[in-house]
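Remarks on the overall topology
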Amino acid sequence: MLRKLIAGNWKMNGLKADGVALARDLGIRYAEQEDPAFDMLLCPPATLISTVGEAIAGSGLLLGGQDCHAAASGAHTGDTAAEMLADLGCTHVIVGHSERRTNHGEIDLAVAEKANAAHRAGLVSIICIGETESERDAGDALTVCSRQIAGSVPAGATSDNMVIAYEPVWAIGTGRTPTNADVAEVHAHIRAELSRKVSDPDNVRILYGGSVKGSNAGELMAVPNVDGALVGGASLKADEFWTIAQASV
Ligand code: 13P
């Protein structure tokens, strides 16, 4: 079994005061935990990375970005380089989230370039994949995941610098989740597909994301090949997010 990674994707939520309060609260809980059996990662919006980094200093919590540009620097107004995230103390960055794919037209190639940038900067990429509702209904969930892995995982990805997050688009923010059997099927498929990309696919952490909450985390995290969670809404509440983490081990 791989060590679980419980990651909070705050998305575009949080001003300084609530971000610091949430981060501090979780940092204290994590620091007080004797030998925690899971890693916990906070991915605040870009505006809060620095502040949250200070709030969790010394706690053992990890810090990550929600996106990065493919280039290390240059004329890219509004973008953030992976190197800049690393400079702020980030160890991880989410790339290819379905909200980026949908709202910003990011295709697999762009996601692969961003993941490559993350690796160049010494960050772990969390590469998001997952089918839409119509793709699932058409019986294409596995095919879509295969295609996204083939296109979004760059050469040079390893079990050390990459995490995969399976986030069925229709489960994000909807309160709906796939059955445990469906999660098991997709995660096993993802691991098999990863053998085309890395020499040790068994060591790649594969997170599940989409409506994870305290009440369903236990069963989802117990599904074979689920090595953690990428949590949106429920990561904005300290108690709820902590319950998810506790339920994962
Ligand atoms: P929710 O947990 O709010 O469904 O969001 C999941 C997600 O998109 C995490 O990246």
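Residues numbered from 1 in each chain as written. Predicted model: local features only at pLDDT ≥ 70, side-chain atom pairs only at ≥ 80, totals over all residues. Heavy atoms only, no water.

With respect to burial, strand 6 (residues 162-166) is a largely interior element, five of its five residues being buried. Of the two faces of strand 6, the one holding Met162, Ile164 and Tyr166 and the one holding Val163 and Ala165 are both buried throughout. Bridge count between strand 5 (residues 124-129) and strand 6: five bridges; the pairing is parallel. Within strand 6, the position partnered with Ile127 by the bridge is Ile164. The sheet contact formed by strand 6 and strand 7 (residues 205-209) spans four bridges and is parallel. Across the sheet, the residue bridging to Val163 is Arg205, located in strand 7. Assessed by its sense of winding, the connection that carries the chain from strand 6 through helix 8 (residues 180-194) to strand 7 is right-handed. (Buried < 20%, exposed > 50% of the residue type's maximum accessible area, 1.4 Å probe, protein only. Helix = DSSP H or I, 4+ residues; strand = E, 2+ residues; numbered from the N terminus. Pairing = 2+ DSSP bridges. Right-handed = clockwise from strand over helix to strand, strands pointing away.)

Here we come to the sheet that holds strand 2 (residues 38-43). Each strand in a sheet pairs with its neighbour through backbone hydrogen bonds, running either in the same direction (parallel) or in the opposite one (antiparallel). Strand order in the closed barrel formed by eight strands is 1-2-3-4-5-6-7-8, and the pairing between neighbours is parallel. Geometrically, the sheet is characterised by an average inter-axis angle of 25 degrees between neighbouring strands, direction not taken into account. Alignment of strand 7 against strand 8 (residues 228-231), held across two bridges, turns out to be parallel. Opposite Tyr208, over in strand 8, you have Ala229 as the bridge partner. Seen against the sheet, helix 10 (residues 238-247) touches strand 1 (4-9), strand 2 and strand 8 and runs at an angle of roughly 150 degrees to strand 2. (Axes fitted to C-alpha atoms, helices over the stretch in contact; angles between N-to-C directions. Contact = heavy atoms within 4.5 Å.)

Here helix 7 (residues 141-152) contains twelve residues, and its C-alpha end-to-end distance of 16 Å stays within 8% of the 16 Å for a straight helix at 1.5 Å per residue. Of all the positions in helix 7, only Ala141, Val144, Cys145, Ser146, Gln148, Ile149 and Ser152 are classed as buried. Buried residues belonging to helix 7 abut helix 4 (98-103), helix 5 (108-120), strand 5, helix 6 (133-137), strand 6 and helix 8. (Expected span 1.5 Å × (residues − 1).)

Attention now goes to the environment of Leu63. Relative to the elements of secondary structure, Leu63 occurs in strand 3 (residues 62-65). For the pair Leu63 and Leu41, spaced 22 residues apart in the sequence, the C-alpha separation amounts to 5.6 Å. Leave out the neighbours within four places in its chain, and Leu63 touches Leu41, Leu42, Pro44, Ile49, Val52, Gly53, Ile56, Leu88, Gly89, Cys90, Thr91 and His92.

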